[in-house]
Every structure is written in C-alpha cells, then in structure tokens.
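Coordinates in review
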Amino acid sequence: MPADPSSHGRKQGSIGRGSGVQRGAAGQDPALDRDSGHRVVSLLKRLGEERGTTTLMVTHDPRILDMADRVVTMEDGRIVGDR
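What counts and what doesn't
- Residues numbered from 1 in each chain as written.
- Predicted model: local features only at pLDDT ≥ 70, side-chain atom pairs only at ≥ 80, totals over all residues.
- Heavy atoms only, no water.
- Patch = residues over 30% accessible without salt bridge, like charges linked within 9 Å, V, L, I, M, F, W, Y side chains within 5 Å.
- Areas by Shrake-Rupley, 256 points an atom, 1.4 Å probe, with all protein chains shown as cover.
- Salt bridge = Lys/Arg side-chain N within 4 Å of Asp/Glu carboxyl O.
- Helix = DSSP H or I, 4+ residues; strand = E, 2+ residues; numbered from the N terminus.
- 1 Å grid on protein atoms, 1.4 Å probe; cavity = no way out; pocket = protein on both sides within 12 Å on 5 of 7 lines; lining within 4 Å.
- Points joined across faces, edges and corners; volume = space filled by probe spheres on them.
- Pairing = 2+ DSSP bridges.
- pLDDT = per-residue confidence, 0-100.
- Expected span 1.5 Å × (residues − 1).
- Polar contact = N/O pair within 3.5 Å; in protein donor to acceptor, adjacent residues only side chain to side chain.
- Buried < 20%, exposed > 50% of the residue type's maximum accessible area, 1.4 Å probe, protein only.

A closer look at a nonpolar patch on the surface
Nonpolar side chains collect at one region of the surface, where Val-72, Met-74 and Ile-79 lie side by side and expose about 300 Å² of accessible area between them. The topology assignment puts Val-72 in strand E1 (residues 72-75).

Below, the structure written as structure tokens:
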C-alpha cells in the first residue's frame with residue numbers, strides 16, 4: 001500500500017486482505033457507490049461459492065439486498081423479518 005493511501009484505497013485493501021482468510025473475516029461495511037458496492041458483494045458471493053463457505057453480511061444499505069440468498073431483518077435487537 002502507498003504511504004498515504006486514500007480512504008477508498010484502504011477499504012479496498014482491507015477487503016482484499018479479508019478475502020484471503022479461510023475460516024472467516026470481519027470488516028466494516030464501507031460506504032461505496034452503487035457500482036463498487038455491487039462488485040464487492042459479487043466478489044464475496046463468488047468466493048463463498050468457490051470455497052463452499054457462507055458469507056454473512058450486516059449492512060444498512062438496501063441496494064445490495066437483491067443479491068442475497070437470505071435476508072434477516074432486525075429492529076431493536078429483535079428479528080422482525082426473514083426471507
């Protein structure tokens with residue numbers, strides 16, 4: 001990484017490093033534009049399928065919900081929806 005990477009570059013780097021973990025990875029939901037967010041979610045989904053693992057995402061961004069196999073909605077610490 002450069003000595004002074006941009007915020008966006010740091011986010012991409014953390015996603016790249018996290019994708020190398022076999023058992024699991026945790027990361028912050030980066031504030032990405034629509035196209036970048038779609039690419040990140042597609043990458044995570046593809047990696048999960050290739051490795052036979054589950055990807056659990058927690059987000060406030062409804063734009064990626066249509067890419068999920070399952071969506072569990074929570075409100076005030078309680079499950080209020082499961083599709």
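Here the narrative resumes.
Some words on the layout of surface pockets
Size it by volume and the second largest pocket reaches roughly 900 Å³. Taken together, 26 residues make up the lining of the second largest pocket; nearest its centre are Leu-56, Met-57, Ala-68, Arg-70 and Val-71. Counting residues per element, the lining of the second largest pocket draws most heavily on helix H2 (residues 34-51), at 5 residues.

Section: the pairing of strand E2 (residues 78-82)
In terms of strand pairing, E1 meets E2 through 4 bridges, oriented antiparallel. Opposite Thr-73, over in E2, you have Gly-81 as the bridge partner. Counting the residues in the hairpin turn of E1 and E2 gives 2 residues, including Asp-76, whose phi is positive at 55°.

Looking at the confidence of the model for the chain
Residues shown with low pLDDT carry predicted positions that ought not to be read at fine detail. Summary statistics for the chain give a mean pLDDT of 75 and a share of 64% for residues scoring 70 or more. Predicted confidence in the chain is weakest over helix H1 (residues 7-18), with a mean pLDDT of 51, and strongest over E2, with 94.

Details of H2
Between its first and last C-alpha, H2 extends 26 Å over 18 residues, near the 26 Å set by a 1.5 Å rise per residue. Capping of H2 at its N-terminal end is provided by Asp-33; its side-chain oxygen lies 3.1 Å from the backbone amide nitrogen of Asp-35. At the exit of H2 stands Gly-52, carrying a positive phi of roughly 70°.

Examining unusual backbone geometry
We note that Asp-76 has phi near 55°; this positive angle belongs to a residue other than glycine. Structurally, Asp-76 can be placed in the loop between E1 and E2. Since its relative accessible area comes to 77%, Asp-76 is described here as exposed.

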